[in-house]
Amino acid sequence: MQIEVHGRNLPVTPPLREYVGKRFQRLDRLFTRECTCDVELSVERNPRIPDSQIAEATLLTRGQTLRARATATDMYAAIDGLADRLRRQMADISERRSDGRRRGAPREPQVEAVAVAEDDEALEASA
């Protein structure tokens, strides 16, 4: 995975780059090697906004484009939240893929419905 880190209203220091790389390296196991991740770190200068540290990411894979945004009072906490959101999105995508493969299998609830219908006929006959 290629990770590009940009800063808006914020100089991106080497410790921030290392932390982003460390957190997103865990996500590397979930994605293919052909994906790129663009991480943008920014700071809101408005004093009325309590969570002024913002981390946004766009992850481009072969079939999907994932976007996430996290805000916090600390930049490291925002990066943690961002990585967690992307991990959850990828888990949802992998669940959809595994559910899609099961669609061709025979459905068991139809068998149960037939058994219930036979019991109803037996009850009507005895009444």
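Since the structure is predicted, the reported quantities are computational estimates derived from the model, not experimental observations.

Draft legend 1. Examining the overall build of the chain more closely. Of the regular secondary structure elements, the chain holds 3 helices and 4 strands. Traced from its N-terminal end to its C-terminal end, the chain shows the element sequence β-α-β-β-β-α-α. Taking all 127 residues of the chain together, 26% fall into the buried category. Accessible surface, the chain: about 9200 Å² in total, of which carbon and sulfur atoms supply 46%.

Draft legend 2. Region of interest: the packing of aromatic side chains. The full count for this structure, using the stated rule, is 1 aromatic pair. Centroid distance Tyr 19 to Tyr 76: 4.9 Å. Interplanar angle 85°. Geometry classified as edge-to-face. Residue Tyr 19 is located in helix H1 (residues 14–27), and its partner Tyr 76 is located in helix H2 (residues 75–101); the two are separated by 57 residues in the primary sequence. Judged by relative accessible area, Tyr 19 falls into the buried class, the value being 18%.

Draft legend 3. Up close: unusual backbone geometry. One non-glycine residue with positive phi stands out, namely Asn 9, at about 60°. Mapped onto the elements of the fold, Asn 9 is located in the loop between strand E1 (2–8) and H1.

Draft legend 4. Quick look at the environment of Asp 74. Relative to the helices and strands, Asp 74 is located in the loop between strand E4 (65–72) and H2. The exposure class assigned to Asp 74 is partly exposed, which follows from its relative accessible area of 38%. For the pair formed by Asp 74 and Gln 53, sequence separation is 21 residues and the distance between their alpha carbons is 6.1 Å.

Draft legend 5. Highlighting the pairing of E4. The alternating pattern of E4 places Leu 66, Ala 68, Ala 70 and Ala 72 on a buried face, while none of Thr 65, Arg 67, Arg 69 and Thr 71, on the opposite face, is buried. Here strand E3 (residues 53–60) runs beside E4; their pairing, made up of 8 bridges, is antiparallel. Looking at E4, one finds that Ile 54 is bridged to Thr 71. Here E3 folds back onto E4, and the loop between the two strands holds 4 residues.

Draft legend 6. Representation of H1. Spanning 14 residues, H1 covers 20 Å between terminal C-alpha atoms, matching the ideal 20 Å at 1.5 Å per step. Taken as a whole, H1 has its buried residues at Leu 16, Tyr 19, Val 20, Arg 23, Phe 24 and Leu 27. Seen from one end, H1 has its buried residues packed into an arc of 120°, which puts them on one side. Relative to its buried face, H1 has exposed residues pointing more than 90 degrees away, namely Pro 14, Glu 18 and Gln 25.

Draft legend 7. Fine view of the nonpolar core. The biggest cluster of nonpolar side chains holds 25 residues, and the ones touching the most others in it are Phe 24, Val 39, Leu 41, Ile 79 and Leu 82. Looking at this core, the element that brings in the most residues is H2, giving 8 residues. Among all residues touching Ile 79, those that are not within four sequence positions of it are Leu 16, Tyr 19, Val 20, Arg 23, Leu 41 and Ala 55.

Analysis parameters
- Residue positions are given per chain, counted from 1 along the sequence in the order it is written.
- Note on the predicted model: pLDDT of at least 70 is required for a residue's local features to be given, and 80 or more for side-chain atom pairs to be given and counted; whole-chain, interface and lining totals, by contrast, use all residues.
- Note that water and hydrogens are dropped before the side-chain values are worked out from all heavy atoms of the structure.
- For the purposes of this entry, the term helix denotes a DSSP run of H or I that reaches at least four residues, the term strand denotes a run of E that reaches at least two, and both are numbered from the N terminus.
- Throughout this description, buried means an accessible area under 20% of the type-specific maximum (1.4 Å probe, protein chains only), exposed means over 50%, and partly exposed covers the range between.
- Computed by Shrake-Rupley with a 1.4 Å probe, the accessible areas treat only the displayed protein chains as cover when residues are assessed.
- A pair of aromatic rings is counted whenever rings of Phe, Tyr or Trp (Trp by its six-membered ring) have centres within 6.5 Å, and the orientation is called stacked for planes under 30 degrees apart, edge-to-face for over 60 and tilted otherwise.
- For two strands to count as paired, DSSP must find a minimum of two bridges between them.
- Here the expected length of a helix is defined as 1.5 Å per residue gap, with one fewer gap than residues.
- Arc, as used here, means the arc of the directions from the helix axis to the C-beta atoms.
- The nonpolar core is taken to be a set of buried Ala, Val, Leu, Ile, Met, Phe, Trp, Tyr and Cys residues, with the residues joined through side-chain atoms within 4.5 Å.
- Any two residues having at least one pair of non-hydrogen atoms within 4.5 Å are treated as being in contact.

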